[in-house]
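Examining the three-dimensional arrangement
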Amino acid sequence: MVNDDLAQIFSNMSAYMEMQSDQKAFFRSRAFRKASEVISKFPYDFADPQWYTDIEKLKKIEGIGQSTAEHIQEYVKTGKIKDYEKMKKESPVKLEELLKIQGIGPKKILKLYKELNVTDIKSLEKIANKGKIATLEGFGEKSQNNILESIKFAIINKDRVSIATAEAIITPLLLYMKQDKNLTKIEPAGSYRRKRETVGDVDILISSKDPKSTMDHFVKYKEVEKVLGHGETKSSIWLKSKIQVDVRLVDVKDFGSALQYFTGNKEHNVKLRNISISKGYKLSEYGLVDRKTEKPIESEDEKKVYELLVGHYIVPELRENLGEIEAAQANKLPNLITLKDIKGDLQMHTTHSDGINSIEEMAKKGIALGYKYIGITDHFGKLQIANAISEKEFSKYINDIRKADAKIKDIKIYASGEIEIDKDGNLEFDKDALRQLDYVIASVHFSTKMAPVDMTKRIIKALKDPLTKILAHPTGRIIGQRPGFEFDYQEVFKVAREENVALEINAHPMRLDLNNELVKMAVDLNCKIIINTDSHSIHEMDYMRYGVDVARRGWLTTKNLATAEDLSL
DNA sequence: GCCGTTTTCGGCCCGACTGTTTTCAGTCG
């Protein structure tokens, strides 16, 4: 959505301003930051004419004034903001790139540039490896190591975008491709089809009655920045949104085996090919053929390829060579959950803390999604920036939820709160207040660099508090920005099971935490898993599907999917 | 740059944490 791009741009402009030292720039920086926050949470698409064409309407949004409103208009119309382009051009450093490194911000970047001539990640890494950062005033040995570690993480995650971003880019491209009347089949493949949490290049498989004209149509897509390759069976484009898309054209009769091949992953395919050999076949993107007679067995229908080789169809989400092939052979594939199995959403924020919609609005959205219940979980205690609920504000908070619950008949509204687990593993809020809630959702936001053994103790203690019913975003990772903190997952999961605490899959596309591997571990340990969106607005409640994708990739069935009843709410 | 007046200027969110210091600046949420 254009809002996400705008939010990112204003956040970057804020950083550029912060690099200047005068008072005026300081407050401009704050204004940009505020605008970025407001835009990122805004529930309607600015690209919709009813918003961007009406400057007075834009200015009514808190935090957006004349200048920001004009910038929004400019961006929707032209795809660029001149002031921002100017900032980028005039800056001696690649700020956007360097800001991805944890622990350094505009001020430190400026210092690194002035003292050591650091201009991008590459020069930063070089200087850090030479040990020069540790000698700089305000930096030290630890800062240097943290920078190096963060660089490694940033490099690994370079050029990958979240599944939600990829989806927003690919969906209109698929629609555009379908306008071509010669196109007979189209299906995205690769990690995108497997619903991986991040996507590098996107592979799309197509068939056409007229390959040449369909490929011409593809490379003429209006979002193309550069055509990287243009042939009759394979073309590649680099989109303005900085993502590469490869299209492969195959004969309709080979579509199934080609789709199988290009969906992967690699290890899964290797194993499948070995199985085909042992059965006297040969499997490639051109079909399943008899090894001796070279006679084609099956090529058009992917499902049949699987049924012939391993007995049952394996859905793309499971194709990671994590036991799915053996499970298919033994007729023990899990009956994976689907979005329809989700009966409610037990983590969301409202205007009582840092959300932008009211309790009633969230409830109505819940009804529209067909939910039986929702849980309001505003921030409590110390998180001042999140406008957390203080002990003084508590009674109004809980009363408001009870009132809304009494008023709105078609959905149950639970009263809860997202409570910080302090360094020692205690829930950081007045216990008498917490007891009035229907449940407590506990999570870690601070002091995340603890030794794993201490973090394990800390979380376990919180799980053993009888008030805790859900452990939210257990590892705290933010995709592409920071890895999760480490602890003894098995140990923590076992305690969660014993204490009947559900482990959360946070469905926000930047979190997806637990990830699929940890979901599988938790499922194997027979833990209860809950999927919540952690929404800060009604439109984020639609993120549930990303959480369901992770759950499916983690082999989750309804047996281990927690409901309100399971948590005895 | 935004906002709200005391209406065209003056004030603007804040606490914890980290790594660096020995009282603090920068970062983060």
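Just so it is clear, the structure is predicted and the values come from calculations on it, not from any experiment. (Residues numbered from 1 in each chain as written. Chains lettered and ligands numbered in written order. Predicted model: local features only at pLDDT ≥ 70, side-chain atom pairs only at ≥ 80, totals over all residues.)

1. Looking at the overall build of chain A
We count it as follows: Secondary structure elements follow DSSP: runs of H or I no shorter than four residues count as helices, runs of E no shorter than two count as strands, and numbering proceeds from the N terminus. Partly exposed residues are those falling between the two cut-offs: more than 12 but fewer than 20 other C-beta atoms within 10 Å of their own, whereas 20 or more means buried and 12 or fewer means exposed, with C-beta atoms placed from the backbone. We call two residues in contact if the C-beta atoms placed from their backbones are at most 7 Å apart.
Scanning chain A for helices and strands turns up 24 helices and 17 strands. Dimensions of chain A, computed from the C-alpha atoms along their principal axes, are close to 80 × 60 × 55 Å. Taken across its 569 residues, chain A has 40% of its residues classed as buried. Here the analysis covers contacts within chain A between residues at least 6 apart in sequence; of these, 66% occur between residues at least 24 apart.

2. Details of the sheet that holds strand S5 (residues 224-230)
To keep it simple, the criterion reads: DSSP calls a pair of strands paired once it identifies at least 2 bridges connecting them. Angles run from 0 to 180 degrees between N-to-C directions of axes, and those axes are lines fitted to C-alpha atoms, restricted for helices to the stretch in contact.
Ordered by their spatial adjacency, 5 strands build an open sheet running S2-S4-S7-S6-S5, and the pairing between neighbours is mixed. Where the open sheet ends on each side, the last strands, each with one partner, are strand S2 (183-188) and S5. Each strand of the sheet is rotated relative to its neighbour by a mean of 20 degrees, with strand direction disregarded. Bridge count between S5 and strand S6 (residues 234-239): 5 bridges; the pairing is antiparallel. Note on S6: the bridge partner recorded for Val 224 is Leu 239. Packing of helix H11 (residues 163-178) onto the sheet brings it into contact with S2, strand S4 (202-208), S6 and strand S7 (244-249), and relative to S2 it is tilted by some 170 degrees. Sheet contacts for helix H14 (residues 255-263): S2, S4 and S7; angle to S4, the most-contacted strand, approximately 175 degrees.

3. Quick word on the domain arrangement of chain A
Inclusion rule: Boundary definitions for the domains trace back to an automatic or database domain assignment.
Domain assignment breaks chain A into domain 1 (2-156), domain 2 (161-174 + 190-249), domain 3 (254-329) and domain 4 (339-560). The C-alpha centroid of domain 4 is placed 40 Å from the C-alpha centroid of domain 3.

4. Observations concerning unusual backbone geometry
A cis amide bond, omega 0 degrees, links Gly 264 with the succeeding residue Asn 265. In this fold, Asn 265 is placed in the loop between H14 and helix H15 (266-278). Between Asp 513 and Leu 514 the backbone carries a cis peptide bond, its omega angle lying at 5 degrees. Inspection of the secondary structure puts Leu 514 in the loop between strand S16 (502-506) and helix H23 (516-524). Not every positive phi belongs to a glycine, and Asn 117 is a case in point at roughly 60 degrees. As for its position among the elements, Asn 117 is in the loop between helix H8 (106-116) and helix H9 (121-129). Asn 117 sits in the exposed class, given 11 other C-beta atoms within 10 Å. Phi at Asn 321 takes a positive value of approximately 55 degrees, unusual for a residue other than glycine. Turning to its location among the elements, Asn 321 is positioned in the loop between helix H16 (302-310) and helix H17 (324-329). With 17 C-beta atoms packed within 10 Å, Asn 321 lands in the partly exposed category.

5. What to know about the sheet that holds strand S8 (residues 281-284)
One open sheet accounts for 3 strands, arranged S8-S9-S10; its pairing is antiparallel. The sheet is open, and its two borders are formed by S8 and strand S10 (296-298), each paired with just one other strand. Neighbour-to-neighbour, the strand axes of this sheet turn through a mean angle of 35 degrees, independent of strand direction. Pairing geometry for strand S9 (residues 287-290) and S10, over 2 bridges, is antiparallel. Of the residues in S10, the one forming a bridge with Leu 288 is Glu 298. Contacts between H15 and the sheet are confined to S8 and S9, with S8 contributing the most and set at about 155 degrees to the helix.

6. Description of the pairing of S7
Residues Val 245, Val 247 and Leu 249 line the buried face of S7, whereas the alternating positions Gln 244, Asp 246 and Arg 248 sit on a face that is not buried. Summarising the sheet, S4 and S7 pair through 5 bridges and their orientation is parallel. Across the sheet, Val 202 pairs through a bridge with Val 245, a residue of S7. Sheet topology note: the S6/S7 ladder contains 5 bridges and is antiparallel.

7. Side note on the nonpolar core
Here is the rule: Here, a nonpolar core means buried Ala, Val, Leu, Ile, Met, Phe, Trp, Tyr and Cys residues linked by C-beta atoms lying within 7 Å of one another.
Membership of the largest hydrophobic core comes to 97 residues, with the highest contact counts inside it found for Val 519 and Ile 529. In contact with Ile 529, not counting residues within four places along its chain, are Ala 502, Leu 503, Ile 505, Val 519, Ala 522, Val 523, Ala 551, Leu 556, Asn 560, Leu 561 and Ala 562. In terms of nonpolar packing, the next biggest core, distinct from the first, is built from 30 residues, Ile 72, Leu 95, Leu 98 and Val 118 among them.

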